[in-house]
Every structure is written in C-alpha cells, then in structure tokens.
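An overview of the molecular structure
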Amino acid sequence: MELSGRGVRLGRLVTSGRPLFAYGTLQFPAILEVLLGRVPELVPTVVPGWRVAALPGRVYPGLVPAATSQARGVLLSGLTAGEWEILDAYEDDEYDLRAIPLPSPGKSAWSYVWTSTPAQEDWHPDSFVTAHLSHFVTRCAEWRRGF
C-alpha cells in the first residue's frame, strides 16, 4: 500500500453489511491494531477464481482474477463506517473496491482488487512476515498518526 491520500470508494458500501476479504497486509493483527486501534474478528477463508499476486517493486500484494486459482485470506466483519474510511484511505488508487463472491452460495464480501499489471508470481505471506512485517507496522503507525 502506498499509504497515500484518503480514498473515495466508500459511497456504495458503508451500509451494505458485507465483510471485507483481506488477503494481504490487512490480514495481520499487528497492522490492523495500528490502523484501527483494535483487531476485528478474522475468519480464514479461501475465494476461488482469484489469485494473490506479487506486485512489481512492492512488498504488498494485489488480488487479481485467475480462473484456476484460489486466494487465501480472512474475512473482517463488523467494521464501522470510520474504520472503513481508514482502510479505504490506506489502500492506494490502483485498487478498486469490488464485491466478490464467497464460496457460500449467495454470500459476498468487499475486497480491494488490483487494477494494474501484477507480477507473474504469487505473493507469499510467510515471506512478508519474515522480511517486511515489522517495518511495515512502523510505517502504518506513522501513516495513521497523520490521518
């Protein structure tokens, strides 16, 4: 995440009650704690038809369509309008907030879908934790103080 300006994608979702499917940095409690001041309930899930792609020159991933893949992540439920605002501002402009279908029939979640060209390889959360999580948490805390 570029951790830049405030997002403008929220108009259609605040009252929907759908959870957020987080597949990258937002699935880590330490990051959620510094951004939101709490850790919402995290429910592990897998979403077919999507891939968690590495992004060129970035340590965080993007969710991209991939018919034969499945994206692993968590569902965050019970987010307040203020928390949605923080998370939307956290995501850079190359993400689009979209409803994506969940494995349960008739269920969907919001997710930030990558709109630019991803890398060919997948993003690996274990590698992120080992190499980048500590620094990224510090960066998020600095960004949050200025929000």
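Above this text is the structure in question.
The paragraphs below set out a description of the structure included in this document. The shown structure was predicted, so the numbers you read here are calculated from the model rather than taken from an experiment. (Residues numbered from 1 in each chain as written. Predicted model: local features only at pLDDT ≥ 70, side-chain atom pairs only at ≥ 80, totals over all residues. Heavy atoms only, no water.)

Section: the overall build of the protein
The secondary structure content of the protein amounts to four helices and five strands. Here the protein holds 147 residues, and 46% of them are scored as buried. Long-range contacts, defined here as pairs at least 24 residues apart, represent 74% of the contacts in the protein between residues at least 6 apart. (Helix = DSSP H or I, 4+ residues; strand = E, 2+ residues; numbered from the N terminus. Buried < 20%, exposed > 50% of the residue type's maximum accessible area, 1.4 Å probe, protein only. Contact = heavy atoms within 4.5 Å.)

Notes on empty space enclosed by the protein
To find leftover empty space, one rolls a probe the size of a water molecule over the atoms. Taken as a whole and judged by the stated rule, the model has one cavity of 30 Å³ or more. As a volume, the largest cavity reaches approximately 60 Å³. If you list the elements that add at least two residues to the lining of the largest cavity, you get β1 (20–22) and β5 (108–114). Among the elements that take part in the lining of the largest cavity, β1 stands out by supplying three residues, more than any other. Taken together, the residues that form the lining of the largest cavity break down as seven nonpolar, three polar and one charged. (1 Å grid on protein atoms, 1.4 Å probe; cavity = no way out; pocket = protein on both sides within 12 Å on 5 of 7 lines; lining within 4 Å. Points joined across faces, edges and corners; volume = space filled by probe spheres on them. Nonpolar A, V, L, I, M, F, W, Y, C, P; charged D, E, K, R; others polar.)

What to know about helix α4 (residues 133–145)
Between its first and last C-alpha atoms α4 spans 18 Å; for 13 residues at 1.5 Å apiece the expected length is 18 Å, and the two agree. Along α4, the residues classified as buried are L133, F136, V137, C140, A141 and W143. Axial view of α4: buried residues confined to an arc of 165°, hence all on one face. The exposed set on the far side of α4, more than 90 degrees from its buried face, consists of S134, H135 and R145. Its buried side turned inward, α4 meets α1 (29–36), α2 (81–90) and α3 (125–131). (Expected span 1.5 Å × (residues − 1). Arc of directions from axis to C-beta.)

Observations regarding the pairing of β5
Within β5, six of the seven residues are buried, which leaves the element mostly enclosed by the surrounding structure. Across seven bridges, the pairing between strand β4 (residues 95–101) and β5 is antiparallel. Bridge pairing in β5 places P101 opposite S108. (Pairing = 2+ DSSP bridges.)

Structural notes on the pattern of salt bridges
Any two side chains of opposite charge can pair, on the condition that their charged atoms come close. With the rule as written, the count across this model stands at five salt bridges. Here D122 and R51 are joined by a salt bridge, their closest N and O atoms 2.9 Å apart. You can see D122 sitting in the loop between β5 and α3 and its partner R51 sitting in strand β2 (residues 42–53), a full 71 residues away along the chain. It is possible to trace a salt-bridge network through shared partners that takes in R58, D92 and E94. (Salt bridge = Lys/Arg side-chain N within 4 Å of Asp/Glu carboxyl O.)

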